[in-house]
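Now for the letters of each chain:
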Amino acid sequence: MNIFIFPNLNKANCEEYVVKACEVLSLSGCNVYVENKYRAHFGQLGGIVFDSYDNCIANCDVVVAVGGDGTILNCAIDCAKNRKPVLGINCGRLGFMASLEHTQIELLKRLVEGDYTHSKRMLISVDITDENGKTISLCALNDVVLSKSDNCKIADFEVSRNKQVVSSLRADGIIFSTPTGASAYSMSAGGPIIEPDMECIEFTQICPHSLFARTMIFATNSTITAKCHTCDGAYANVVVDGNTVYKMTNTDIVTIKRADNYVDIIDIHGDSFFTSVNKKLMQPLKEFSGGDLT
């Protein structure tokens, strides 16, 4: 089995965890691939194949992302394009997409044994079209966010589904998320947690100037368009999976749909997502309340 280790060395102790992961996988008979740019960090380890990012992801059977959910996001779209499953090792705090904590690296041997399950995660496509018809096309595993910039005092958003207006509101921004992304920014903005294997598109408002704004859930056959009206000279940021990709003006249109491909997330334990929800969201609240939430 060929394993591509995709690390985020900005995470505390990540280098140590990568070394341990390489050792466990090598002892299990795996061929371990690491990107060339990390040769100075891991060149002392035996049995590692250093190659370009494109070759590593093309030649591997599984991508192991060592970091946090952001690390998984950084390789997820390429994994989907190349039809490679990804397993996350969490070095951060929440880690809803990661199957393993950094204390559980020994369990990587289950990859070789085939002792794991798959979670098929939908993606959303985003097309950003300007007044001249020029389009930028991207994909997101978590979410697409339209948020007013610092130079924008007022932003009015118009959201339509299949060409029918469903919401016109003044807000700091709007979020379109997948079920995977429902536990990220959308949840912080008041949206619900959605089982990540489901397929739907969630629409949540950020600080809406309304008494009755609520999250909407759209079916996956929906084509959703969004416009933003700002004061002269101002713009809204279009952020895809945490990366600002475009400055949106009054003449631009953002189109959201379900993408054609998926990300295959490996789950070593089974129901890792619900374990994370309980331990990382509910458990601190239970401890704070003395265990009584009634």
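Residues numbered from 1 in each chain as written. Predicted model: local features only at pLDDT ≥ 70, side-chain atom pairs only at ≥ 80, totals over all residues. Heavy atoms only, no water.

### A closer look at the pattern of salt bridges
Under the counting rule described, the total for this entry stands at four salt bridges. Between Arg 110 and Asp 115 there is a salt bridge, with the nearest N and O atoms lying 3.8 Å from each other. Classification of Arg 110 by relative accessible area gives partly exposed; the value is 24%. (Salt bridge = Lys/Arg side-chain N within 4 Å of Asp/Glu carboxyl O. Buried < 20%, exposed > 50% of the residue type's maximum accessible area, 1.4 Å probe, protein only.)

### Remarks on a nonpolar patch on the surface
A surface patch of nonpolar side chains, about 180 Å² in accessible area, is lined by Ile 136, Leu 138 and Val 245. Residue Ile 136 is classed as partly exposed on the basis of its relative accessible area of 32%. (Patch = residues over 30% accessible without salt bridge, like charges linked within 9 Å, V, L, I, M, F, W, Y side chains within 5 Å. Areas by Shrake-Rupley, 256 points an atom, 1.4 Å probe, with all protein chains shown as cover.)

### Some words on the side chain of Thr 178
For Thr 178, the location among the structural elements is in the loop between strand 12 (173-177) and helix 6 (185-188). We classify Thr 178 as buried; its relative accessible area is 0%. In this view, Thr 178 contacts Met 122, Leu 123, Ile 124, Ala 140, Leu 141, Asn 142 and Cys 200; residues no more than four positions away in its chain are not counted. (Helix = DSSP H or I, 4+ residues; strand = E, 2+ residues; numbered from the N terminus. Contact = heavy atoms within 4.5 Å.)

### Comments concerning the sheet that holds strand 13 (residues 201-206)
The antiparallel open sheet is built from six strands, whose spatial order is 14-13-12-9-16-17. Edge strands, defined here as strands with exactly one partner in the open sheet, are strand 14 (216-218) and strand 17 (243-248). With strand direction ignored, the average angle separating the axes of adjacent strands in the sheet is 20°. (Pairing = 2+ DSSP bridges. Axes fitted to C-alpha atoms, helices over the stretch in contact; angles between N-to-C directions.)

### Some words on unusual backbone geometry
The backbone phi angle of Asn 13 is positive, close to 65°, even though this residue is not glycine. In this structure, Asn 13 sits in the loop between strand 1 (2-7) and helix 1 (14-27). You can call Asn 13 partly exposed: its relative accessible area is 46%. Of note, the phi angle at Asn 162 is positive, near 50°, even though the residue is not glycine. Structurally, Asn 162 is set in the loop between strand 10 (155-161) and strand 11 (164-170).

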